[in-house]
Amino acid sequence: MQSDRRSVRGVVDEVRDPERPDAAALLDMAAQEASLLRSGQDWARFLDLAAKHRGYGFAALLLIRASRPDATMLADYDSWRRLGRQVVKGERGIRIVQSNDTRPSTVFDIGQTTAIPSADGRATGTAPLEPREALAALSDFAGRLGFPIVRSPYDGVAVTVLSNEHGRRFIRVADHLDDNTAIAAVAHELAHVMLKHPAEAPAVTSPVCRGIAKLQADSVAYLFLRRLGMDAHGIDFPSVSSWAGADPRAPRFGTMLAVGDRVLLTASLVTTHLDSASRTTTDVQQGRTKGVRRAEPETAQDPETTSLVAQVREVHRQAEQFFVAHLERGWAVPYLGKRGIDAQTAREWRIGYAPSGRKGLVAYLRSRGYEDAVLEASGLARQRGTRLVDALQDRIMLTLRTPEGGIAGFIGRHSPRGHGPKYLASRGSAKGSVLYGLAENHQALAAGTRPVIVEGPFDAIAVTLAGCGRYVGVATCGTALSRTQVDALGQVSDLGTTAVVITFDGDSAGMRGAVKAFELLRGAEAVRLPEGRDPSAILAQDGPAALHRLLDRSRVPLADIVVDAELSQFPRLQFAEDRMRALQAVAPIVADLPSGQVARQVVRTATRLGLEAMTVNEAVVNAVEQARLRPGLEGRNLNPVEVAGLDVREEVSRLKSQAAVTDPLSPKPRTPYSPRRGT
């Protein structure tokens, strides 16, 4: 073990060289460090490190562990400067890379700065909650997710009920448990809910809670208890090889990376709500407010906002109020009216306006007592020469939110006559990680309303207005759909039972976006938008009923679009060998579909290529087997026998009778296959 550790230390020194800012090399070093995590105790020690350094991903934490395991508080160079600390000359930082970023960065421990580390290594901030307060905060969070906590007689510890005889879902916690045990049990069950445990009733004491699902839920509960300063060592973890794989050919690090990041993200969402509750409790204790929500501080000198992160959070809240208060100015309201957004909708979505000129946001926030360093750190101000100016001016402002409702940044839309990017996000915003409209539609999504993924924020509002409770819109805000966004959506909406609808343009860029989305949401449906028109334009020009009809009548399985896109790569199908090449290209895609979609795509592919359906079916079975034989791949969860046994003959007859499709090689005209007719 010591030799392994020294070897890893050497890699750290090499990777930290500024001449080699190679993300791949850093991930390789993280993989070596991960190989040292073997026992359940090793995993618990890693979670202890994660509890101390919040906000970092699995790979970054491994790099911190390898380079400076005794670090107490970490930040990058600029953040230390904003806090009035200077990195000591000659100190070498810790090179890290986040799992979802290709750009390495450097962080420094507080011990490498001119500041003196605190005795316990913890930043000043909100005090941990008492167990009873923490349990109340957890109960509130569970209720927001649609799973209220019910304390009642129960032989076990806790259980999640997805649907009882009355159609209700809730988390049942045994009423005889003390607060500490109940906190661990509720955190465990919440992790199951947020990670979408496949079992019907995941429970702490039930045998269905096992394997990676149990490890992830236990890990989230462990991190939550550590955040509270409570003893978490009563939670035992299995050996890492039992869930990450012991076979040298297995993708051990890939499994650990995926599990680790899911655990850290879920724990972060839960503890963010805990932080909010902690601030509320502190206010109540100090007599500042009797309400549930925290009162806005009168100045930036509020004792609860002494840290930079807390001050930036307050700046964002103050900025949103400023933008909303200025909505009536300029061109904003008439423009929103043309997009079908009235005053009430603007208020509900907290839409605002950023004025131009010197008496803008910077002047307002300075008058509230905030320092320039905090304003610049918020991403809402920037240096222009020697002056600090508003980063976003003369723009309609839309707020990006976390799934819990916290502000994660802003997006500004310039006027129709404006210059520069049409949409501009505030620096440091979570654009690309959050979905606009997810927080605003939280309750509807938790109740089973269908999410429609669109590109722009106004499109999300348009879909929600036209959805009539059946659809709500969430927007990627111009970025490709990411795994982080899908995970965030899955923590609010039950993606296992509620099919996502994805809208896309029919051009090549839209098709590429649809294919990428398919990699993340295999069971989704798709709606191809009319050429040159987005949902917002349809709402404004044709009304909500037209947009609702489009969503109702134009949905097809997203797999249709992906299969068609692959087949379109083979335009010449006159010869049998060309058709077989096309079949070999599309068979792995069909093989990787959910089992309920395979028969449909077998039929469609056979129709497009003019082949027998059983010929296509055989190619799909072969693709399943080939995937299973590749080292490091788990293969399909669809059994080959199940694929081979798909009775597609009835499906072929039904589709042919409805669509009147003939042999594509026939010289006679044929009616093109319409995916809509097969749904």
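Reading guide: rules and limits
Residues numbered from 1 in each chain as written. Predicted model: local features only at pLDDT ≥ 70, side-chain atom pairs only at ≥ 80, totals over all residues. Heavy atoms only, no water. Helix = DSSP H or I, 4+ residues; strand = E, 2+ residues; numbered from the N terminus. Buried < 20%, exposed > 50% of the residue type's maximum accessible area, 1.4 Å probe, protein only. Contact = heavy atoms within 4.5 Å. Areas by Shrake-Rupley, 256 points an atom, 1.4 Å probe, with all protein chains shown as cover. Pairing = 2+ DSSP bridges. Axes fitted to C-alpha atoms, helices over the stretch in contact; angles between N-to-C directions. Core = buried A, V, L, I, M, F, W, Y, C linked by side-chain atoms within 4.5 Å. Expected span 1.5 Å × (residues − 1). 1 Å grid on protein atoms, 1.4 Å probe; cavity = no way out; pocket = protein on both sides within 12 Å on 5 of 7 lines; lining within 4 Å. Points joined across faces, edges and corners; volume = space filled by probe spheres on them. Nonpolar A, V, L, I, M, F, W, Y, C, P; charged D, E, K, R; others polar. pLDDT = per-residue confidence, 0-100. Salt bridge = Lys/Arg side-chain N within 4 Å of Asp/Glu carboxyl O. Phe/Tyr/Trp six-rings, centres within 6.5 Å; stacked < 30°, edge-to-face > 60°. Lys NZ or Arg CZ within 6 Å of the ring centre and 35° of its normal. Parallel < 35°, antiparallel > 145°, perpendicular 65-115°, else oblique. Left-handed = near helix turned anticlockwise from the far one by under 90°. Polar contact = N/O pair within 3.5 Å; in protein donor to acceptor, adjacent residues only side chain to side chain.

Enquirer: Explain the overall build of the protein chain to me, please; I cannot follow it from the model alone.
Expert: A count of helical and extended segments in the protein chain gives 27 helices and 17 strands. A burial count over the protein chain gives 50% of its 679 residues as buried. In the protein chain, once contacts between residues fewer than 6 apart in sequence are set aside, the share between residues at least 24 apart is 64%. Counting only carbon and sulfur atoms, one obtains 50% of the accessible surface of the protein chain, whose full area is about 31800 Å².

Enquirer: Teacher, can you tell me more about the sheet that holds strand β13 (residues 450-454) here?
Expert: Strand pairing in a sheet relies on backbone hydrogen bonds. The paired strands run either parallel or antiparallel. Spatially, β14-β13-β15-β16-β17 is the arrangement adopted by the five strands of the open sheet, whose pairing is mixed. Each edge of the open sheet carries a strand with a single partner, namely β14 (471-475) and β17 (556-557). The sheet contact formed by β13 and β14 spans five bridges and is parallel. Bridge pairing links Val452 to Gly473 in β14.

Enquirer: Explain the sheet that holds strand β11 (residues 407-414) to me, please; I cannot follow it from the model alone.
Expert: One open sheet holds the four strands; their spatial order is β7-β10-β11-β12, and the pairing between them is antiparallel. If you trace the sheet from one side to the other, it starts and ends with β7 (352-354) and β12 (423-425), each paired once. For this sheet, the mean angle separating the axes of adjacent strands, direction not counted, is 35°. Relative to strand β10 (residues 395-401), β7 runs antiparallel, the two being bridged by three bridges. Paired with Ala354 across the two strands is Arg395, which belongs to β10. In the packing of helix α17 (residues 457-467) onto the sheet, contacts are made with β10, β11 and β12, and the angle to β10 comes to roughly 75°.

Enquirer: When you look at the nonpolar core in this model, what are you seeing that I'm missing?
Expert: Nonpolar side chains in soluble globular proteins tend to end up buried together. Among the nonpolar cores identified, the biggest contains 73 residues, and Trp43, Phe58 and Ile183 are the most heavily contacted of them. One finds Met511, Ala514, Leu521 and Ala582 within the second-largest nonpolar core, a separate group that totals 49 residues.

Enquirer: Teacher, can you tell me more about helix α3 (residues 40-52) here?
Expert: An α-helix turns once per 3.6 residues; consequently, residues spaced three or four apart project the same way. Helix length check: α3, at 13 residues, gives a terminal C-alpha distance of 19 Å against a target of 18 Å (1.5 Å per residue), a fit within 8%. Listed as buried for α3 are Gly40, Asp42, Trp43, Ala44, Phe46, Leu47, Leu49 and Ala50.

Enquirer: Please clarify how the layout of surface pockets should be interpreted in this entry.
Expert: Empty space left among the atoms is revealed by rolling a probe the size of a water molecule over them. There is about 740 Å³ of room inside the second largest pocket. Contributing to the lining of the second largest pocket are 35 residues, with Val454, Glu455, Thr503, Phe504 and Asp505 lying nearest its centre. At the level of elements, β13, α17, β15 (501-504) and α19 (508-520) are the ones that each hand at least two residues to the lining of the second largest pocket. With six residues, the top contributor of residues to the lining of the second largest pocket is α19. Of the residues contributing to the lining of the second largest pocket, the split by class is 15 nonpolar, nine polar and eleven charged.

Enquirer: Explain the confidence of the model for the protein chain to me, please; I cannot follow it from the model alone.
Expert: Detailed reading of the predicted coordinates is not advisable wherever pLDDT falls low. Of all residues in the protein chain, 76% attain a pLDDT of 70 or more, and the chain-wide mean is 77. Across residues 116-126 the pLDDT falls below 50, and counting only partners more than four positions away or on other chains, this stretch makes twelve contacts in the model.

Enquirer: Please explain the pairing of β15 as it appears in this structure.
Expert: Consecutive side chains along a regular strand alternate between the two faces of the sheet. Burial of β15 is two-sided: the residues Val501 and Thr503 facing one way and the residues Ile502 and Phe504 facing the other way are all buried. Summarising the sheet, β15 and strand β16 (residues 525-528) pair through four bridges and their orientation is parallel. The residue of β16 that forms the bridge with Thr503 is Val527.

Enquirer: Hey, could you run me through the pattern of salt bridges in this one?
Expert: For side chains bearing opposite charge, pairing can occur when the charged atoms are close. Scanning the model with the defined rule gives 22 salt bridges in all. Taking the shortest distance from any N to any O, the salt bridge between Asp487 and Arg483 comes out at 3.7 Å. Here Asp487 pairs with Arg483, and both are found in helix α18 (residues 483-490), just four residues apart, close to one helical turn. Several salt bridges share partner residues, and in doing so they unite Arg450, Arg470, Glu525, Asp552 and Arg555 into one network.

Enquirer: What is the right way to read the pairing of strand β3 (residues 105-109) from this model?
Expert: Note that strand β1 (residues 74-75) and β3 share two bridges and pair antiparallel. The partner of Leu74 across the bridge, within β3, is Asp109. As paired elements, strand β2 (residues 94-96) and β3 share three bridges and run antiparallel to each other. Residue pairing for β3: Ile96 is matched across the bridge by Ser105.

Enquirer: What is the right way to read the packing of aromatic side chains from this model?
Expert: Note on aromatic pairs: each is described by the distance of the centres and the angle between the planes. Inspection of every chain in the model, using the stated rule, returns 15 aromatic pairs. Taking 6.5 Å as the distance between ring centres and 40° as the angle between the ring planes, the aromatic pair formed by Phe58 and Phe253 counts as tilted. With a gap of 195 residues between them, Phe58 in helix α4 (residues 58-67) and Phe253 in helix α10 (residues 252-285) connect regions that are remote in the sequence. With respect to burial, Phe58 and Phe253 carry one shared label: buried. Through a chain of ring-to-ring contacts, the aromatic side chains of Trp43, Phe46, Phe58, Trp243 and Phe253 assemble into a single cluster. Positioned above the aromatic ring of Tyr423, the side-chain terminus of Arg413 is 5.8 Å from the ring centre.

Enquirer: Help me out: how do you make sense of unusual backbone geometry in this one?
Expert: Peptide bonds are mostly trans, and most non-glycine residues show a negative phi. Of note, Arg350 is a non-glycine position whose phi angle comes to about 55°, a positive value. Mapping Arg350 onto the fold places it in the loop between α13 (343-348) and β7.

Enquirer: What is the right way to look at the environment of Ala51 in this model?
Expert: The topology assignment puts Ala51 in helix α3. On a C-alpha basis, the gap between Ala51 and Leu225 in space is 9.3 Å, while along the polypeptide they are 174 residues apart. Apart from residues no more than four positions distant in its own chain, Ala51 is found in contact with Leu223 and Arg226.

Enquirer: Looking at this structure, I do not really get the packing of helix α22 (residues 558-567) against helix α24 (residues 595-609). What am I missing?
Expert: Pairs of packed helices are described in terms of their axes, by the angle between the two and the distance that separates them. At their nearest, the axes of α22 and α24 sit 11 Å apart, and the two run at 30° to each other. As judged from the angle between their axes, α22 and α24 are roughly parallel. For the pair α22 and α24, the sense of crossing is right-handed. Taken together, the residues of α24 that come into contact with α22 (itself represented by Ala559, Asp560, Val563, Asp564 and Leu567) are Gln597, Arg600, Gln601, Arg604, Thr605, Arg608 and Leu609. Taken together, the residues that form the contact of α22 with α24 break down as four nonpolar, three polar and five charged.

Enquirer: What's the story with helix α8 (residues 211-227) in this structure? I'm lost.
Expert: Over its 17 residues, α8 runs 25 Å from end to end, which matches the ideal 24 Å to within 8%, given 1.5 Å per residue. Counted residue by residue, α8 has 13 buried out of 17 residues, so it is predominantly covered. At the exit of α8 stands Gly229, carrying a positive phi of roughly 75°.

Enquirer: When you look at the environment of Arg522 in this model, what are you seeing that I'm missing?
Expert: The residue Arg522 is located in the loop between α19 and β16 in this model. Taking the relative accessible area as the measure of exposure, Arg522 reaches 26% and is therefore partly exposed. For the pair Arg522 and Ala559, spaced 37 residues apart in sequence, the C-alpha separation works out to 7.2 Å. For Arg522, the contacting residues outside a window of four places in its chain are Asp592, Pro594 and Gln597. Within the structure, Arg522 has its side chain in polar contact with the backbone oxygen of Phe518 (distance 3.5 Å).

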